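# Architecture at a glance
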Amino acid sequence: MTSSAPPGLARFNATDRPDVAALLHTVCTSRAWGAAVADGRPYRHVDALLDASDAAMAGLTGADLAEAMAGHPPIGRPTPGDATSAREQSGVSDAADELRAELLELNLAYQERHGHVFLICATGRTGEEMLAALRRRIDNDTGTEREIVRTELGKINRIRLTHLVTAEAAEGER
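Below or above, wherever it landed, is the structure these notes cover. The model shown is predicted, which means the values in this text are computed figures rather than measured ones. (Residues numbered from 1 in each chain as written. Predicted model: local features only at pLDDT ≥ 70, side-chain atom pairs only at ≥ 80, totals over all residues. Heavy atoms only, no water.)

## Re the overall build of the chain
- The helix and strand tally for the chain stands at ten helices and zero strands.
- Each helix and strand of the chain, ordered N terminal to C terminal, gives the series α-α-α-α-α-α-α-α-α-α.
- Going through the 174 residues of the chain one by one, you find that 43% of them count as buried.
- Carbon and sulfur atoms form 54% of the exposed surface of the chain, whose accessible area is close to 9000 Å². (Helix = DSSP H or I, 4+ residues; strand = E, 2+ residues; numbered from the N terminus. Buried < 20%, exposed > 50% of the residue type's maximum accessible area, 1.4 Å probe, protein only. Areas by Shrake-Rupley, 256 points an atom, 1.4 Å probe, with all protein chains shown as cover.)

## Some details on the nonpolar core
- Residues Phe12, Leu24, Trp33, Val37, Leu49, Leu153 and Leu161 are the most contacted members of the largest nonpolar core, which totals 40 residues.
- A per-element tally of this core places helix H10 (residues 142–172) first, with six residues.
- Look past the residues within four positions of Val37 in its chain and what remains in contact with it is Phe12, Leu24, Tyr43, Leu49, Ala52, Ser53 and Ala56. (Core = buried A, V, L, I, M, F, W, Y, C linked by side-chain atoms within 4.5 Å. Contact = heavy atoms within 4.5 Å.)

## What about unusual backbone geometry?
- Going from Arg41 to Pro42, the amide bond is cis rather than trans, its omega being 0 degrees.
- Summarising the element assignment, Pro42 is placed in the loop between helix H3 (31–39) and helix H4 (46–58).

## Let's talk about the side chain of Arg137
- Its place among the elements puts Arg137 in helix H9 (residues 127–137).
- From its side chain, Arg137 meets the backbone oxygen of Leu119 in a polar contact 3.0 Å long.
- Setting aside anything within four residues of it in sequence, one finds Arg137 in contact with Tyr110, His114, Phe118, Leu119, Ile120, Glu145, Ile148, Val149 and Glu152. (Polar contact = N/O pair within 3.5 Å; in protein donor to acceptor, adjacent residues only side chain to side chain.)

## A look at the pattern of salt bridges
- In the structure shown here, the tally under the stated rule is eight salt bridges.
- With its nearest N and O atoms 2.8 Å apart, the salt bridge here joins Arg135 to Glu102. Highlighted residues: Arg135 in helix H9 and Glu102 in helix H8 (residues 97–114), separated in sequence by 33 residues.
- On the basis of relative accessibility, which here comes to 43%, the residue Arg135 falls in the partly exposed class.
- Glu152 is paired through a salt bridge with Lys155; the nearest N and O atoms lie 3.0 Å apart. Separated by three residues within a single helix, Glu152 and Lys155 lie in helix H10, roughly one turn from each other.
- The exposure class assigned to Glu152 is buried, which follows from its relative accessible area of 7%.
- Within the structure, one salt-bridge network assembled from shared partners comprises Asp51, Asp54 and Arg158. (Salt bridge = Lys/Arg side-chain N within 4 Å of Asp/Glu carboxyl O.)

As structure tokens, this is what we get:
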């Protein structure tokens, strides 16, 4: 079968199952999400991959969603040595100490209330924007918050998948 997929996506499609599972785990730590996305291969276009990601996210159970959330560090504390985490949370890196302290305090309160870290698609957001969202969302009921988190995870996964197949293409062109 001849593929019309862009080079990075074609390589993703051709990657063997264990390696694609490892790649997808760097995008989202939910095994159910990763299996659903891997099982949908081959994808002819990046949009098809992103649609499959959205469908997989929509189908996650509460336990699957918890597994996905567990792979994310608190806002304001990117995982040391993780370039993706640092890139995504760059809006907090130069924030004032007071803002960082309030983020930490509210993150802990949020986690106590909801049982998981505050999760937001941080790419392109300032520390002030993330803090404002945390203030707005902390008093949500847990069911509402779970669905907001599902949406935010979906946004994060789309960005990471796009980066993954774009980075794959750039590597192959060297």
